[in-house]
Every structure is written in structure tokens, then in C-alpha cells.
Amino acid sequence: MEPDYKGSRRMRIAICDDDIRICELFRSIVQRLYPKAVVSLYTDAGRLLREEKLPDILLLDIKMPGISGMEAARRLRENGWKGILIFITGNEEYVFDAFDVKAFHFLVKPIHAKRLEEVVRNAYYRGNQIGAAASFLKDAPLTKEELKELERIQSAWMDRIS
């Protein structure tokens, strides 16, 4: 997340689809929902993988020339990226593969704006929960009870996305 003018953190959201029109459409929806979010567009997964600053939330097409979205997701996870992954694709056949890379959601094109908004809102909310927990952990020691509760919440969340 990037610092905003109030010192809090701005969510970084990336959209990666080989169709620039889809990227721009999704960006307009995301920016309408979260005008302070930093939104980046990519038309190929290779460029995304070369970025130093990875997003908190990634909307990723699967079928793209060069590196597929599924391969990009695998590489990101192998390199320790823990962001929220939302697949956007025209192919339902990859839905089960999405579990292997801990996808938060799997949207099939054509995607209705209301459905995209709902999924992005849920991802944004989840990202804020994770970001707040990470900031808290860095700044304050936990009691044993707090640590157990945090582990319980994290385990429940991981069970839901696995």
C-alpha cells in the first residue's frame, strides 16, 4: 500500500488483461469505488512480473499471449506475493486451478459491473483487514491471547481461500 496525504495507506490495485479496453473499463469501475487507490494497468503478465512494487489486489486474465495469467499467478505466489488474486477470464475450465494459487475469486467474462463491484469491495475490505493486522503486528507486541486469536482468524481466512 502507498501512503496517502493523511499518512494512512492507499491500496494498490493492478489489472492485467491483454485487452486494453477491458483494463480501462475495470479501472474506471475500481476508481469510481476507490478514488484514492493506486490503479495500474498491464496488457501482458511479463511486465507485471518485472514490477518491483506488486499490488495488494490483482485482477488477472488467464488466457494471454506469452505468459498466461495462471503461470504469472504461480510465479507470484512462489516468490512470496501474498496479495489478493481475482481471476477474470472467459474460460471456466481453469476454475479448479485457481485454488492452487489461492485465488480470492474467479470471475467469468462477460462480467457485469455490479458483480465486479461486489467482488472488488470484498477484496478491498479483506485487504484492509490484512493491512491493518500487519501494521499492528509490526508496531505492538501481542499477548498470548491476542496471538491465538490472530492465528485463529488467519487460519479461518486461509481455509476460506484454499
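Residues numbered from 1 in each chain as written. Predicted model: local features only at pLDDT ≥ 70, side-chain atom pairs only at ≥ 80, totals over all residues. Heavy atoms only, no water.

Caption draft 1: Broad picture of helix α1 (residues 20-33). The terminal C-alpha atoms of α1 lie 20 Å apart, and with 14 residues this matches the ideal 20 Å at 1.5 Å per residue to within 8%. Those residues of α1 that fall on the buried side of the exposure criterion are Ile 22, Cys 23, Phe 26, Ile 29, Val 30 and Leu 33. Within α1, the buried residues cover an arc of 130° as seen down the axis, which keeps them to one side. Across from the buried face of α1, at angles greater than 90 degrees, the exposed residues are Arg 21 and Arg 32. (Helix = DSSP H or I, 4+ residues; strand = E, 2+ residues; numbered from the N terminus. Expected span 1.5 Å × (residues − 1). Buried < 20%, exposed > 50% of the residue type's maximum accessible area, 1.4 Å probe, protein only. Arc of directions from axis to C-beta.)

Caption draft 2: The arrangement of helix α3 (residues 69-78) in detail. Among all positions in α3, only Gly 69, Met 70, Ala 72, Ala 73 and Leu 76 are buried. Buried residues of α3, seen end-on, are gathered within an arc of 160° and therefore sit on one face of the element. Close packing links the buried residues of α3 with α2 (45-49), β5 (57-60), β6 (84-89) and α4 (95-100). At the C-terminal side of α3, Gly 80 shows a positive phi close to 90°. (Contact = heavy atoms within 4.5 Å.)

Caption draft 3: Geometry of the environment of Ile 57. Here Ile 57 lies in strand β5. With 25 residues separating them in the primary sequence, Ile 57 and Lys 82 have C-alpha atoms 9.4 Å apart. In contact with Ile 57, other than residues within four places in its own chain, are Met 11, Arg 12, Ile 13, Ala 14, Ile 84, Ile 86, Ala 123 and Tyr 124.

Caption draft 4: Molecular detail of the nonpolar core. Judged by nonpolar contacts, the single largest core of 25 residues is most densely connected at Ile 13, Phe 26, Ile 57, Leu 59 and Leu 116. For this core, the secondary structure elements donating two or more residues are β3 (12-16), α1, β4 (38-42), β5, β6 and α5 (113-139). The element that contributes the greatest number of residues to this core is α1, accounting for six residues. Cys 16, Leu 58, Trp 81 and Phe 106 belong to the second largest nonpolar core, which has 21 residues in total. (Core = buried A, V, L, I, M, F, W, Y, C linked by side-chain atoms within 4.5 Å.)

Caption draft 5: Structural context of the state of the cysteines. In total, this model carries zero disulfides according to the counting rule given. The structure places no disulfide on Cys 23, whose sulfur is separated from the nearest cysteine sulfur, that of Cys 16, by 6.7 Å. What makes Cys 23 buried here is its relative accessible area of 0%. (Disulfide = S-S within 2.5 Å.)

Caption draft 6: Fine view of the side chain of Asp 61. If you trace the backbone, Asp 61 turns up in the loop between β5 and α3. Looking at Asp 61, the relative accessible area reads 3%, which means it is buried. If near-sequence neighbours (up to four positions away) are discounted, Asp 61 is found in contact with Cys 16, Asp 17, Asp 18, Gly 69, Ile 88, Thr 89 and Lys 109.

Caption draft 7: Structural context of the confidence of the model for the chain. Residues at a pLDDT of 70 or more form 77% of the chain, whose mean pLDDT is 83. Per-element confidence in the chain is highest for β4, whose mean pLDDT is 97, and lowest for strand β1 (residues 2-3), whose mean pLDDT is 45. Note on residues 1-7: pLDDT is under 50 here. Beyond four places in sequence and across chains, it has 21 contacts. With pLDDT under 50 throughout, residues 135-139 is counted as low confidence; its partners more than four residues away or in other chains account for three contacts. (pLDDT = per-residue confidence, 0-100.)

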